[in-house]
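# Structural features, examined
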Amino acid sequence: MAKMRACRACHYLTTENMCPNCKSTNLSTSYTGIVVVLPGRKKGEDPRKGSYVASRLNIEKPGKYALKVR
Ligand SMILES: [Zn+2]
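Report follows, based on the coordinates. Quick caveat: nothing in here was measured; it's all calculated off a predicted structure.

Our next topic: the coordination of the zinc ion. Around the zinc ion, the protein contributes the donor atoms C7 (SG), C10 (SG), C19 (SG) and C22 (SG), at 2.2 to 2.3 Å from the metal centre. Coordination at the zinc ion comes from four donor atoms whose angles at the metal span 105 to 115 degrees, giving a geometry best classed as tetrahedral. Here the donor residues of the zinc ion share one chain and are spaced in sequence as C-x2-C-x8-C-x2-C. Of the two residues, C7 sits in strand β1 (residues 5-7) while C19 sits in the loop between β2 (13-14) and β3 (27-28), which places them 12 residues apart along the sequence. Residue classification places C7 among the buried residues on the basis of a relative accessible area of 0%. Take C19: its relative accessible area is 0%, and that puts it in the buried class.

Below you can see the structure in the form of C-alpha cells.
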C-alpha cells in the first residue's frame, strides 16, 4: 500500500500528488491520527450534521482525514 499523505489545507488523506478534495498540492507525510468519516444515511448528507467529530473538524465530505498535520 502506498504511503498516504495529508493535505495541509483540509487534512484529507490521499496517495496522489494533489488533494482530490480541495485541489491543494500542499501535502505532508507527517501527520498523526486518522479519522474516517462515513457517508450519511441520506445521499449527499452533510456529515457534520450526524457526526460530532466531523463537525469539530469541519469535514463536509466523507473520506479519510488526518487528525493532526505537521
Ligand atoms: Zn485538501
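This brings us to the packing of aromatic side chains. Evaluated as defined, the whole model comprises one aromatic pair. Ring centres of Y12 and Y65 lie 5.2 Å apart, and the angle between their planes is 90 degrees; this geometry places the pair in the edge-to-face category. Taken as a pair, Y12 in the loop between β1 and β2 and Y65 in strand β5 (residues 63-69) lie far apart in primary sequence, 53 residues in all. Take Y12 and Y65: they sit in the same class, and that class is buried.

On to the nonpolar core. C7, Y12, C19, L27, V35, V37, A54, I59 and Y65 together form the largest nonpolar core, which totals nine residues. Excluding anything up to four places from it in sequence, A54 contacts V37, P47, R48 and I59. If you look at the next biggest cluster of nonpolar residues, it comprises five residues, including M4, A6, L13 and A66.

Rolling a probe over the atoms, with the probe sized like a water molecule, indicates the empty space that remains. Considered as a void within the structure, the largest pocket measures approximately 190 Å³ in volume. If you go around the largest pocket, you meet 15 residues; those closest to its centre are L38, G40, P47, G50 and S51. Elements with a contribution of two residues or more to the lining of the largest pocket: β4 (31-37), α1 (47-50) and α2 (52-56). Its residues assigned to classes, the lining of the largest pocket shows eight nonpolar, three polar and four charged.

Within the open sheet, the three strands sit side by side as β2-β1-β3. Their pairing is antiparallel. Among the strands making up the open sheet, the edge pair consists of β2 and β3. As defined by bridge partners, β1 adjoins β2 across two bridges and the pair is classed as antiparallel. Counterpart to A6 in the pairing with β2 is L13.

Rules behind the numbers
- Residues numbered from 1 in each chain as written.
- Predicted model: local features only at pLDDT ≥ 70, side-chain atom pairs only at ≥ 80, totals over all residues.
- Heavy atoms only, no water.
- Donors = N, O, S within 2.8 Å, 3.2 Å for Na, K, Ca; no water.
- Tetrahedral: all angles 85-135°; square planar, octahedral: opposite > 155°, others 65-115°.
- Helix = DSSP H or I, 4+ residues; strand = E, 2+ residues; numbered from the N terminus.
- Buried < 20%, exposed > 50% of the residue type's maximum accessible area, 1.4 Å probe, protein only.
- Phe/Tyr/Trp six-rings, centres within 6.5 Å; stacked < 30°, edge-to-face > 60°.
- Core = buried A, V, L, I, M, F, W, Y, C linked by side-chain atoms within 4.5 Å.
- Contact = heavy atoms within 4.5 Å.
- 1 Å grid on protein atoms, 1.4 Å probe; cavity = no way out; pocket = protein on both sides within 12 Å on 5 of 7 lines; lining within 4 Å.
- Points joined across faces, edges and corners; volume = space filled by probe spheres on them.
- Nonpolar A, V, L, I, M, F, W, Y, C, P; charged D, E, K, R; others polar.
- Pairing = 2+ DSSP bridges.

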